[in-house]
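# Report on the structure
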Amino acid sequence: MGQLGAKRTPPDGYAAFISYSHAQDRLLSAALQSELERFAGSWWHPRRMRVFRDETNLTASPGLWPSIVDSMRAAEWFILLASPGAAGSVWVRREVAWWVANKSPDRMLIALTSGRVHWSGDDFDWSRTDAVPPTLAGVFPDEPHWIDLSRVPAADERPQLGDTVAKLAAPILGVDEDTLAGEHVRQRRRTRRTVWGVVVTLTALLLAVSTATVAALVQADRQREQAGIAAARELATLADGLVSSDPRTALGLSLAGTRIRSSPESEQAVYRTLAATRYLSTLAGHRAAVKAVAFAGSLLATGSDDHTVRLWDLTDPARPRPVGAPVDPGVGPVAALAFEPGTRRLAVLGVHHEQTGSETTQLALWDTARPFAGRPAPKRWRGIGTSLAFLPGAGLLAVSTVTTFGGSGPLRLWDIRTAEPDLVSENAAEDAGPVYSLAAAADGSFLVTGNAHGDGTDSGGETGVWRLADGPRLERTASLDTGPTTSVAINPAGTVIAALGQDSTPVNQLTLWDARRHRRLGPPMTRHPDAISTIAFAPDGRTLAEARSDQTTLLWDVSDPGRPDVVGEPLAAHSEGVEAVAFSPDGRTLVTASADAQAILWDARGRARPALAQTVPGTPPGGAGRSPALHRLIVAGGTQFGGGFEATTSPDGRLMATVSANQQTTLWDLSSGRAPNRLAVLPTGATADPFTPVLPQFDAAGRYAVTGTDTHDTDSELHLWDLSVPGRPRRQGAPLTGFTRPIALSPDGRLLAATQKGPGGGGVGTVLFDVTDKARPRRITTIDATREALVVSLAFAPDGTMLAVGDDAKTVLFDLSDPANPGRFGRPLTGFGGLVAFAPDGRTMAVASEAEEHGGLTLWDITRRTDPRRIGDPFLPAGAGGGTAALAFGRDGKTLLTGGHDYTIRVWDLSAQTALRADPVGLACRLTDAGLSAREWARYVVGRGYQPGCR
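Residues numbered from 1 in each chain as written. Predicted model: local features only at pLDDT ≥ 70, side-chain atom pairs only at ≥ 80, totals over all residues. Heavy atoms only, no water.

Right, let's get into the sheet that holds strand β62 (residues 905-909). Spatially, four strands are ordered β37-β62-β61-β60 in an open sheet, and the strand pairing comes out antiparallel. The open sheet has two edge strands with one neighbour each: β37 (611-616) and β60 (884-889). Along the sheet, successive strands turn relative to each other by an average axial angle of 20°, direction set aside. Bridge analysis of β37 against β62 gives five bridges, and the strand direction is antiparallel. Bridge pairing in β62 places Thr-615 opposite Arg-906. (Pairing = 2+ DSSP bridges. Helix = DSSP H or I, 4+ residues; strand = E, 2+ residues; numbered from the N terminus. Axes fitted to C-alpha atoms, helices over the stretch in contact; angles between N-to-C directions.)

Right under this line is the structure:
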């Protein structure tokens, strides 16, 4: 018994710490804690082993995580109750990451309670393991010992663990299971002492002493490395969870991971975070809600309920610089700001709430090129000022007012051609009603008002269109039936009016209108419209921003006003509702202002957004071989097209195959670098219908190809061709019948993915063939990826170990490292289905979706295949060009080529995304103000000295 006695738990420590999912293993963890403590106690005396479990050992504490860290620091062993719930738990991930970083994985025991654990070579097989947190990736050099508790009988009160607890107690007590099972084992050990045993033991000790120092140093280095890996992964996991709601902190966490351990993996975490957000920087200086913003070149003005206006130099939006001290213009809480076009003269509108319950509106003008002098005194009048707008070219400023209870107030015009504004019209629009929003066309040709009136039971309103008449006064030219309207905007070209009103529905509707014909364009822009507070157009008129009371800002692509489309996910970083929004004059920066007393700057264009580099219109169907422009693009890209273009080049660029509308395949020689030289026409098998053709596929060496003939019935065929002599192609073996488009050939030419044809003519499943022997293809397996949906795209990753299967609703990635047993990589990309293509380096995937909810062209980072991450926002709206019919990367990976149903080829420059991937840390530090403060570091990083995220 002396051996067991030597393993007693220290008085202030724990023998073990149990980490588990509260939702899944609360009862089992309680039973395990009790059994472990009783097991040890029954052998020696009661409760000789102390086991930590948070529900019994953790007292009330203002800081939960520090208390958990203290408990882990006091524990000798870590017991992980592995389950899918534990794998997905943020708390379990943090506990595991801390233990690996600060203790040793050698003292970690795993008990599987549900789910799957599979080991493959030197790490868990993450394509089949779902019960272990991803923070354990690469931690164990050999397969760890784990026990299976998944078959423990379930019980409502207390699961019965039986003798399985001995498998956990044995390593904790430092003895084997036999010793725990019977006293005779220990007695036999006591009598097993001989002289030679002592000599052997002493000799072993001498050898151990001579090697212990080296082993300890190696082990210490290994533990430090593992600790750095685990800590960086923990921070990356936290960043993933925060990037959509707190991008500044998320960027800081990912940068902190690179400071703890700089590696391709930690830099990849920064890349993913940076590509997922438009965040630039935060303007913090006001003490109350920021209600108004306005731009004059790179100068930004912000106005707040704290009665002040602040100026900011945004020459470098990532490093905004305050210009002077905050200014109190004497107007009270600031309600609206506007710069006179072409100048730095700022109009400031404030509303002062009197103790009597009435309100006073005050207006001040300030030439911000000079220090604020406080003179002349602000103009003031009764009522609530709601909006202001300069009338370009007229030297006038329009200011709208409503009464205390939302009644009509006068719309005033002020002459601002002198230092002190002069009121020239007390009521310039007599029948305008209660005006809550004003917008003036950039050329001053018309003004738009948004008004709303009523007592809550009988509401009304509209959007008024006005022109400036003599007097001066405003003359109504049209009324838009938008219902009660609280916000209006005009695009810079003066052709589109955006109005936030109720129309004929009881909720807010954001609608677009033809400014000249006064007709509505397209349907309402419905994405929780009731939360919208204000709107603004970008300088190019192609983007509309809506500020929202739900703390977010949503961007719309309105390049086609008849089909507005949401751009990505809402911009979220504020902690309270967004009150104001504006674009910088160059269109590069978006500012949002919130009741949380902050203004946040965003990259308005998207830092990872590809640029449209070239457009080639008018390529006719089946005319690829005759189109010089298309020929140049395809040869330069070394790629393939379909959907009206029907052209494919071999990977080495020597050969091109084109398919005509009647499914006739023609081979072309491209090796001369001049016009394509026709080599041969491949005969069709079955009688071909004028149906959508099957796009041919070449192997990597261009030595053979696969073609297809599609018909309306199930007689569709695939043919394999020997192209050793390209001018004399030879058919290989019998055709594969019952298959249709799409098909895909692995880069090494060994695997063929073919789409099985269903009764309706579409593809209903994917079949893998081994085509190593071209004359006798061998069917390997069937992949059921789409179920009831039709297969629209197949693509192999460049290394051939992954296959993407796309239908019109989703894209699924399959692991083909064992083609006979394909497994899924992660979850399907639901909502992102359609055409799929891989970049040559295998790290980026493009998906062209026509889905209404997530439609558009998107790029995905697939470096971690089990967790694909979207890169930026969609950059080609669904339906553009009639919809995307062809998709491929250029051979060098620097461009992406798309073909529309309008027979137009678009070439996209991927240099922005390439730059992000090449230097994510440097760009994160140059493009944003990210980086944890010392206080934030102490909150998220335990046990490590502070390091700035950017140096």
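From this point, the discussion proceeds with the structure in view.
This part takes up the packing of helix α12 (residues 264-275) against helix α15 (residues 920-927). Where α12 meets α15, the closest approach of the two axes is 8 Å, and the angle between their N-to-C directions is 45°. Overall, the two elements α12 and α15 adopt an arrangement that is oblique. Handedness of the crossing formed by α12 with α15: left-handed. Residue-level contacts link Glu-267, Val-270, Tyr-271 and Leu-274 of α12 to Pro-920, Val-921, Leu-923 and Ala-924 of α15. A breakdown of the residues in the contact of α12 with α15 according to their chemical character gives seven nonpolar, no polar and one charged. (Parallel < 35°, antiparallel > 145°, perpendicular 65-115°, else oblique. Left-handed = near helix turned anticlockwise from the far one by under 90°. Contact = heavy atoms within 4.5 Å. Nonpolar A, V, L, I, M, F, W, Y, C, P; charged D, E, K, R; others polar.)

The final tally for this structure, using the stated rule, is 15 aromatic pairs. Between the aromatic rings of Trp-366 and Phe-372, the centroid separation amounts to 5.5 Å while the plane-to-plane angle is 80°, which identifies the pairing as edge-to-face. Cluster of aromatic residues (ring-pair linked, three or more members): Tyr-14, Phe-17, Phe-52, Phe-78 and Trp-99. In this structure, Arg-50 is placed above the aromatic ring of Tyr-14, and the distance from its NZ or CZ to the ring centre is 4.5 Å. (Phe/Tyr/Trp six-rings, centres within 6.5 Å; stacked < 30°, edge-to-face > 60°. Lys NZ or Arg CZ within 6 Å of the ring centre and 35° of its normal.)

UniProt's entry tags residues 283-314, 525-559, 571-603 and 886-918 with the feature "repeat: WD" (unreviewed entry), counted in the numbering of this structure. The span residues 283-314 carries 0% helix and 62% strand; its end-to-end C-alpha distance comes to 11 Å. Structurally, residues 571-603 comprises 0% helix and 61% strand, and the distance from its first C-alpha atom to its last is 10 Å. (UniProt positions renumbered as here; feature names shortened; annotations may be inferred.)

Ranked by internal contacts, the top residues of the largest apolar core, which has 44 residues, are Met-72, Phe-78, Val-96, Met-108, Phe-124, Leu-136 and Phe-140. When neighbours within four sequence positions are excluded, Phe-78 is seen to be in contact with Phe-17, Ser-19, Met-72, Glu-95, Val-96, Trp-99, Arg-107, Met-108 and Leu-109. Grouped together as the second largest cluster of nonpolar side chains are 43 residues, Ala-608, Ala-839, Phe-875 and Leu-896 included. (Core = buried A, V, L, I, M, F, W, Y, C linked by side-chain atoms within 4.5 Å. Buried < 20%, exposed > 50% of the residue type's maximum accessible area, 1.4 Å probe, protein only.)

Turning our eyes to something else, we now look at the sheet that holds strand β56 (residues 835-838). One open sheet accounts for four strands, arranged β56-β57-β58-β59; its pairing is antiparallel. Only two strands of the sheet have a single neighbouring strand rather than two, namely β56 and β59 (869-871). Pairwise comparison of adjacent strand axes, ignoring direction, gives a mean angle of 30° for this sheet. Here strand β58 (residues 856-861) runs beside β59; their pairing, made up of three bridges, is antiparallel. Bridge pairing links Leu-859 to Ile-871 in β59.

Another aspect to go through is the pairing of β56. Side chains Leu-835 and Ala-837 project from β56 onto one buried face, and the interleaved Val-836 and Phe-838 project onto a second face that is buried too. Of the pairings in the sheet, the one linking β56 to strand β57 (residues 844-849) comprises four bridges and is antiparallel in character. Following the sheet pairing, Val-836 is matched in β57 by Val-847. Here β56 folds back onto β57, and the loop between the two strands holds five residues, one of which, Gly-842, carries a positive phi near 75°.

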